[in-house]
Amino acid sequence: MTRSVVSGQWSVVRGLLALVLGLLLSVSLALTPDQEARARYVGSNLRCPICTGVPITESTNDISREMLRDVREQVAAGRSDREIYGYFAARYGNFVLLDPPKEGSNLLLWGAPLLALAGGGAVLWGFLRKRNAAVSAPEAVTEEPFDPFLAQVRRETRRDDQAGGGA
């Protein structure tokens, strides 16, 4: 009889635990429409750690769902977007941010394409400048060395033109 009482008590504890867990989940998911829109916006700027370049709002794996739940909880708690992004960057690294901050070593990543574009423009400008300088400089006329075979071909073609009247 003791065994059934203990078993019954555990059933009650399990039931209460499930009820409390259900209430906690329903409270954390009860957001106003504005909060839900903000949670979706923040979630669309967070990358799924498993998927390649997919935001957590579009991913279907468990980690993304958990991350989106965390975003909703933090939005409901009144945290700012910056604090939420900071939380996920601390937990998963800056990789998780689809729009990483433009500060520190990330400036190199943001500035590298601009530097490459400027460098390519400078190379193109230098190439075109040299090309224009080479075209504008007159070439010195040099006489061809005497080629007896070429002279004979020219004589024969002149004779053919004079005799035949052209082709």
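Because the structure is a prediction, the values reported are computed rather than measured. (Residues numbered from 1 in each chain as written. Predicted model: local features only at pLDDT ≥ 70, side-chain atom pairs only at ≥ 80, totals over all residues. Heavy atoms only, no water.)

**Q** Go over the packing of helix 2 (residues 33-44) against helix 3 (residues 62-76), please, and point to the residues and values.
**A** Contact geometry for helix 2 and helix 3: axes closest at 9 Å, N-to-C directions at 135°. One way to sum up the angle between helix 2 and helix 3 is to call them oblique. Considering only the axes of helix 2 and helix 3, their crossing is right-handed. Contacts between helix 2 and helix 3 pair Q35, E36, R38, A39, R40, V42 and G43 from the former with L68, V71, R72, V75 and A76 from the latter. Each residue belonging to the contact of helix 2 with helix 3 can be placed in one class, and the counts come to six nonpolar, two polar and four charged. (Axes fitted to C-alpha atoms, helices over the stretch in contact; angles between N-to-C directions. Helix = DSSP H or I, 4+ residues; strand = E, 2+ residues; numbered from the N terminus. Parallel < 35°, antiparallel > 145°, perpendicular 65-115°, else oblique. Left-handed = near helix turned anticlockwise from the far one by under 90°. Contact = heavy atoms within 4.5 Å. Nonpolar A, V, L, I, M, F, W, Y, C, P; charged D, E, K, R; others polar.)

**Q** Any chance you could break down the nonpolar core for me, citing the residues and the numbers?
**A** Judged by nonpolar contacts, the single largest core of 16 residues is most densely connected at V42, L46, I56, V71, I84, F88 and L97. Elements supplying a minimum of two residues to this core: helix 2, helix 3 and helix 4 (81-92). Setting aside its immediate chain neighbours within four residues, F88 contacts L46, M67, D70, V71, G93 and V96. (Core = buried A, V, L, I, M, F, W, Y, C linked by side-chain atoms within 4.5 Å. Buried < 20%, exposed > 50% of the residue type's maximum accessible area, 1.4 Å probe, protein only.)

**Q** Give a description of the UniProt feature "transmembrane region" (unreviewed entry) in the protein chain that names residues and reports values.
**A** In the UniProt entry, the feature "transmembrane region" (unreviewed entry) is given for residues 107-128. Counted over residues 107-128, helix gives 100% and strand 0%. Its end C-alpha atoms are 31 Å apart. (UniProt positions renumbered as here; feature names shortened; annotations may be inferred.)

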